[in-house]
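# Structural description and commentary
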Amino acid sequence: MTKVYGTGAYDFKRHHVAEYPVEAPNQVGDKPAESQLGSTLPSSITMSEIQRDRLTKIAMENWSKSGDSTEPKKQFDPELVKEIYETELLVKERQRKTVPLQRVMILEVSQYLENYLWPNFDPETVTFEHVMSMMLMINEKFRENVAAWVCFYDKKDMFKGFLERVLRLKEGRELSIAEKTNYLVFMINAFQSLEDEIVSETILRLASLQSWHSLSYGRFQMELCLNTDLIKKWKRMLKREAKEAAKRGEEFDPSTKLEVKFLRNLIEEFLEILDSKVFVLEHTVDGALNNLGQVDDACVLYCERFMEFLIDLLSQLPTRRYLRPLVADVAVVAKCHLSALYRHEKGKLFAQLVDLLQFYEGFEINDHVGTQLTDDEVLQSHYDCLQSFQLLAFKKVPKLRGLALANIGTINKRNDLTKKLSVLSPTELKDLVCRKLKLVSTDDPWSNRVDFLIEVMVSFFEKQQSQKEAINALPLYPNEQIMWDESVVPSINYSGEGCLALPKLNLQFLTLHDYLLRNFNLFRLESTYEIREDIQQAVPHLLSYINNEGEAAFRGWSRMAVPIKQFKIAEVKQPNIGEVKPSAVTAEVTFSISSYKAQIRSEWNSLKEHDVLFLLSIRPSFEPLSAEEEAKASVPQRLGLQFVRGCEIIEMRDEEGTLMNDFTGRIKRDEWKPPKGDLRTVTVALDTAQYHMDVSNIAERGTEDVYGTFNILMRRKPKENNFKAILESIRDLMNEYCIVPDWLHNIFLGYGNPSAAQWTNMPDLLETVDFKDTFLDAEHLKQSFPDYQVCFTNSVGAENLDPMPPFRIRLPKMLKNNTNSTPGKTKSTIDSMNDVAMEDADGEKEKLIVEAYMPPDPGPYPHDQPRQNSVRFTPIQIEAITSGIQPGLTMVVGPPGTGKTDTAVQILNVLYHNCPTQRTLIITHSNQALNDLFEKIMQRDVPARYLLRLGQGEQELATDLDFSRQGRVNAMLVRRLELLSEVERLARSLQLPEDVGYTCETAGYFWLLHVYSRWEQFLAACAENENKPSFVKDRFPFKEFFSNTPHLVFTGESFEKDMRAAKGCFRHLKTMFQELEECRAFELLKSTADRANYLMTKQAKIVAMTCTHAALKRKDFLQLGFKYDNLLMEESAQILEIETFIPMLLQRQEDGYARLKRCILIGDHHQLPPVVKNMAFQKYSHMDQSLFTRFVRLGIPYIELNAQGRARPSIARLYNWRYRDLGDLAYVKEAAIFHRANAGFSYDYQLVDVPDYRGRGESAPSPWFYQNEGEAEYIVSVYIYMRLLGYPANKISILTTYNGQKLLIRDVINRRCVPYDFIGPPSKVATVDKFQGQQNDFILLSLVRTRFVGHLRDVRRLVVAMSRARLGLYVFCRRSLFEQCYELQPTFQLLLKRPDRLALNLTEVSSYTERHVEDTGPVHLVSGVDDLNIIYQQLYQAKFGQYMAYSGQVAPGFIEPISEDVDGVRESGPDGNNTEDKTKMEVFANGENGGVQSESHLNGDTDGNVVLPENDSPETKMEE
């Protein structure tokens, strides 16, 4: 069988693909089961292809708008909708799925909703099937993660009618369980879309105060007593409702209203299903009913989904406020706890969801004010509640006298309370719960069950563990129980059909604590998933077995895991006061590295302090598992894995006990010796919370001692092993109080006025801003403020007729701007802007006062001159810069090529000059972006000594200067010596002793006594002699020192000019001594660490790091007292929520206030989001949501840059429809390179339709690993054609949307290009996701799929793919599939205006042409890959044949037209001989592919081109 890269041991590592498995439904007429082996592989889905044709035919006849369907469509037929619904969209009963997924996918992709269901929707006449079909299509869009509500925007009133119809759908009709579940999923999706006004208007009515009409009277009274403010609101609402009813001439009856009963009815329906339908009752042999029969999977799924629905409602404040009493009134949680499903093995996920619902029901928040309750407040309310119950019991229930007089400590635990309540008879208990306490209505059918009443009482009165305590008691490392729990850490093939026991990242959060808690849980589980994959990869290589002594032994070896020789607990420290877990637990682990080669030995030897290791306990089964047992066994059973525990390295010693890798300074550098022997002993810190739990289990339950069984020590790659530090950072934040600046707090949680943090609404504004070199000239400034009449003045306030930069601007408080908000609010923003323009047209424009001032002379030497900005910023960029330098939140959306980095750098530059005492922190997602930003800052007027770059990527900075901590310290020390030698020279020039330049301190005294005093005397003398032109030249005291300047400093012709020059010279001296003063600390501090810390906390003004580094080192920053005032975050739409949040909090508060003044977020939410490896966390929990995107969705104003300077305007049109107003910079319209055509090609961009190649389109050698051989061969042939024309390899990149295709293309390149120096590999072969943030002149793009569109349906991926090319973009795909995809229409309609066969201009034989880009020249349409191969052979002949004839050589055999036999093997060369040395060339020419892939991979490359990994490198398989 042909070797296919990326399959085998590393399969589970391919986790980025947003694609779902599509299995062939085994319906009547299918192939027999035997022929369906491996049904995830497309080759086996033959029947489904036929079935697909049925739906495709119906679509073609009725609604499809794809290019080749020219016949008129049939009239709308409701019967067809009904028939499709009944035959295609229903599932059999008792299945754990609600729709036939594949059929729904086909219908949804064919635009059934957009072209058929919605245009023909009429709320009056619509049928049940029509509404249900629409709901299923919307649910599928949510599952696929594509915009679901877009097609409804044009008919908003009709959409309201649709929602009303949905809410009344159940009236007078009984739905099946699957239909009920689908209905529920639709409601979940609607409540997750509250930022969409068309949805929230109708949906939020269900969660309004009106729903309290359905509360039991007792609960209603209790809620109004607790919230007296609501009484007035309630009365007003009643009055209004009565008035409306009177108008309609009806009697006022609230119970008939939809809002009142809707949710109550849903809850009651759920409880009925939970109680009576989950278990199918079976008759035993003797005819008696068996209590617990078979479980109905469809009902279980419904119950799980219902829990998810309630959790969603209670975890968002707008819905929680009035619905929490409703959930408590029906006692949903208590009833679920007592249900049979909660305790059943199939109810595990349901039970986890119930616990999550219970957590949110009792969440520590004041629902009506929205403030978080402190631990003290929670405790106080618990005590008040118990106290009033005791009082009631004392007065009214004599039997409970004991409980009434007991102290609180003896009755706030579950068991104690249950015992005390057991003295009451059932009727007394019911009377107490239902009548006296009114916790449950007397009409509740459960109110006669004693266990239910006690459960309600106990859960109401027991003391809940505080959330802070719970999180502090949680182990940070995952153990084996959580690792393989599918409902918490699902495997990769999560399809989005079921729900999970996971929190979701919504738009809004209840409190900061809630926000941190959800992120903590998700981050912890995402890292658990990655650790699990690493264990599954490392352990099988060890080949464990049971030896003769009956102990586990290992035949194999693994790079990342090593057998343990000895493990012992070294120390368990006493618990801290108020805690039960030990304060520290350390252990010693001994292992041998004797069996490893040098490379791997050095990896183990380089383990350092704080690295995380895992202790595994492996116990294989005595006999190997049979195939049947293996199929049933869980992963830990197959691996023989018993326990997993994490630990952190404290220190490591070699065989002689010598300390290795010491970072504490205990070992001097010159005393370091290489490690001895093969044995290594690491001292590790175990997780104290986990240790306490394990020891308690051994004591209470007699379980096995985990710590005596460890036999494997596993390490992970350092880059992927930083989860513990990040989790610790989040946990520390949860233990701190009020951490976010007040101006950001509400916006952060998603409440309040979205524009509250905009600079115009902030206090402490900068009234006058010195824009330094931002404006190139006065005209540039006028163009930047088109809404104002710009008035230039000079420094004394008089009008300036010839203004020159730099400029100071007095900014009006309400600057007219172009700030945008979310799409839903676009229109109003634009209208208001138009109104402003109209007002201005009538009257005069408002004045903007600009002062053009003369900057002081910087000094006489060339290096004194400030570096100047050369970018001509657009008005929108100027607006972003203005907003960025003012306090508050600035959000800048930077579409591809719009100069985000230049804007960011200018904000930093202007900020540094206007607020020189403030410090700015720069955060980016990648080292590459950070280095780009840093390289540009260095070219501006910010002294290098104030810049600092932290983290690992500093080495890649393209600069001679070292900006790491150590590099800056060294630079300061070198600079100190340079400056002191200058001081000595100055002393010599003044005829003073040179020892004043001995230290920075002596230099400081020299400045005061000799330099500054001379300057003051000189100034005093000048004041009396201003009329003498040569006075300055004659009397300047430091003339001799400045005698080495490149130009003459003083002319003696004008007093003013010479005086300006003298001040410049003095400024040079002043800067010199100021720098020396800054170097003084480095002179006093002796240790490198102290110097580095001083540099970071005191000296540096601009500190840059990646978000990962910030999260890892937060503890260190706090300890050092790191402070900053401004935060600028680049690529912020690519950073996880929590990794954006932590950098805001790297400093301690000052007097209870956060110091942060400015937060500038720059990103693009229309490009790809952060990478989340596990699909379930991405799809279900929205973990790939960035803070930037959430803020945009919340409607927070942002500034969208609107002029791109990267691509030809024609190529930019392929993606600029996604942005509000994206135009082109003058440069791309005027530069010659953008006017010239691409030589050899008729068009600058094209879609090339690639038919089946050798009878097949896409293939998947393993699930999600999509490849398309036809596209790979075609793309490589085009690349060869370009190289033969003379296009440079480094200007061409090949992109694709799947990892499998990337590896296949690399393989074809290895075979067809690499052997020939004149072809060689391209600049990069990468996936679209990995290439985000990069660009190239020419992009060849393969879209791979031929059956379903797959994850390109995410428009963000399309935007990235289309926006990477500057001059040429050629897209290879299956036209018929992509042209009918609704989301991608605007791009594909443009692409399809040109021929769908590759159009070449064969008259051009070099890479240069004068042809205009719009002139196609003679067009040759290529019929396919074989035709193209012939063309490039002829091109080769034309270019190289002449040279070969001249030199007497014979042209290589590949230049002849291909003559193939049946097997595609070339018979002979042009001279009739089948010589071996020609075959190499033939392969190149013919594009022949012996197998799907060759074994070879590219190993290296000299031009700095990409190095393609070796074929056994795990990175290849797991990348992205």
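Everything below is about the structure shown above.
Residues numbered from 1 in each chain as written. Predicted model: local features only at pLDDT ≥ 70, side-chain atom pairs only at ≥ 80, totals over all residues. Heavy atoms only, no water.

Relative to the elements of secondary structure, Ser1242 occurs in the loop between helix H48 (1232-1235) and strand E25 (1245-1249). At a separation of 3.4 Å, a polar atom in the side chain of Ser1242 contacts the main-chain carbonyl oxygen of Leu1400. Contact partners of Ser1242, with chain neighbours within four places excluded, come to Ala1399, Leu1400, Asn1401, Arg1411, Asp1415, Thr1416, Pro1418 and Val1419. (Helix = DSSP H or I, 4+ residues; strand = E, 2+ residues; numbered from the N terminus. Polar contact = N/O pair within 3.5 Å; in protein donor to acceptor, adjacent residues only side chain to side chain. Contact = heavy atoms within 4.5 Å.)

Orientation of helix H36 (residues 965-989) relative to helix H40 (residues 1088-1099), taken along the N-to-C sense of each, is 95°, at an axis distance of 9 Å. On the basis of their axis angle, the class for H36 and H40 is roughly perpendicular. The residues of H40 that touch H36, namely those facing Arg965, Gln966, Arg968, Val969, Met972 and Leu973, are Thr1088, Arg1091, Ala1092, Asn1093, Leu1095, Met1096 and Gln1099. A per-class count over the contact of H36 with H40 returns six nonpolar, four polar and three charged. (Axes fitted to C-alpha atoms, helices over the stretch in contact; angles between N-to-C directions. Parallel < 35°, antiparallel > 145°, perpendicular 65-115°, else oblique. Nonpolar A, V, L, I, M, F, W, Y, C, P; charged D, E, K, R; others polar.)

Counting across every chain of the model gives 73 aromatic pairs. Ring centres 5.2 Å apart and planes at 75° place the aromatic pair Phe359 and Tyr360 in the edge-to-face group. Overall, Phe359 belongs to the partly exposed group, its relative accessible area being 25%. You can call Tyr360 buried: its relative accessible area is 3%. Look at Trp1015 and Phe1018: their rings are 5.5 Å apart centre to centre, the planes differ by 40°, and that puts the pair in the tilted class. Residue Trp1015 and its partner Phe1018 are both found in helix H37 (residues 1000-1024); the two are separated by three residues, about one turn of the helix. Relative accessible area serves as the criterion here: at 6%, Trp1015 is assigned to the buried category. On the basis of relative accessibility, which here comes to 4%, the residue Phe1018 falls in the buried class. In this arrangement the basic side chain of Arg555 is found over the ring face of Tyr545, its NZ or CZ atom lying 4.1 Å from the centre. (Phe/Tyr/Trp six-rings, centres within 6.5 Å; stacked < 30°, edge-to-face > 60°. Buried < 20%, exposed > 50% of the residue type's maximum accessible area, 1.4 Å probe, protein only. Lys NZ or Arg CZ within 6 Å of the ring centre and 35° of its normal.)

Let us now look at a nonpolar patch on the surface. Taken together, the side chains of Tyr1005, Leu1008 and Leu1009 make up a nonpolar region of the molecular surface, amounting to roughly 360 Å² of accessible area. Tracing the sequence through the fold places Leu1008 in helix H37. Taking the relative accessible area as the measure of exposure, Leu1008 reaches 54% and is therefore exposed. (Patch = residues over 30% accessible without salt bridge, like charges linked within 9 Å, V, L, I, M, F, W, Y side chains within 5 Å. Areas by Shrake-Rupley, 256 points an atom, 1.4 Å probe, with all protein chains shown as cover. Salt bridge = Lys/Arg side-chain N within 4 Å of Asp/Glu carboxyl O.)

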